[in-house]
Amino acid sequence: MTEFEELEEGDRILFNDRKMPLEVSEVEDERAVVQGPGGGEYEIYRDDETLLWSKKGNRRYSSYCNDLRKVGEWEREDDVWKHSKTGKVLEIEKNEIGYWTIKSKDFELSKDIELPMYGYNDRDEAVKEVEKFVKNHPAGE
């Protein structure tokens, strides 16, 4: 069974060189309708053995749909973000000197986040950094 055949409403997907996940809003026999992050509607469909995508209702201008994959999403509970598919976690906590820091056993944060030596003075600044990280890593990788 292929990823396309396993799609269900509510799944979040990526394909080709897309960076922002699209959400599956409708699944039928040989097509799936997806919503883009900016509100655009697209359909992914099978033509013989080829998987194609186009703007909804405009198959004339279809393109190949390669590397279709479900990516899950980040779920936040208080100061902990957990990815629904990979299970990876990011969290914000106060360190021993009273500053806010971002921690993760799953990521090497210094590659993507410029962590202050002592931590953030303001919790909201740490939250902004985590939200930026989450936006740049929608697949939890």
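What comes next is a walk through the structure.

Rules used throughout
Residues numbered from 1 in each chain as written. Predicted model: local features only at pLDDT ≥ 70, side-chain atom pairs only at ≥ 80, totals over all residues. Heavy atoms only, no water. Pairing = 2+ DSSP bridges. Helix = DSSP H or I, 4+ residues; strand = E, 2+ residues; numbered from the N terminus. Phe/Tyr/Trp six-rings, centres within 6.5 Å; stacked < 30°, edge-to-face > 60°. Lys NZ or Arg CZ within 6 Å of the ring centre and 35° of its normal.

**A few points about the pairing of strand S10 (residues 89-94)**
1) Next: Relative to S10, strand S9 (residues 80-83) is paired through 3 bridges, and the arrangement is antiparallel. If you follow Trp81 over to S10, its bridge partner there is Leu90.
2) Next: Here S10 hands over to strand S11 (residues 100-103) after 5 residues, with Gly98 in that stretch at a positive phi of 90°.

**A few points about the packing of aromatic side chains**
1) Next: Scanning the model with the defined rule gives 4 aromatic pairs in all.
2) Next: One aromatic cluster in this structure is built from Phe15, Tyr42 and Trp53.
3) Next: Seen from the ring of Tyr42, Arg18 lies directly overhead, with NZ or CZ sitting 5.1 Å from the centre.
4) Next: Directly above the ring of Tyr45 sits Arg59, whose terminal nitrogen or CZ lies 3.8 Å from the centroid.

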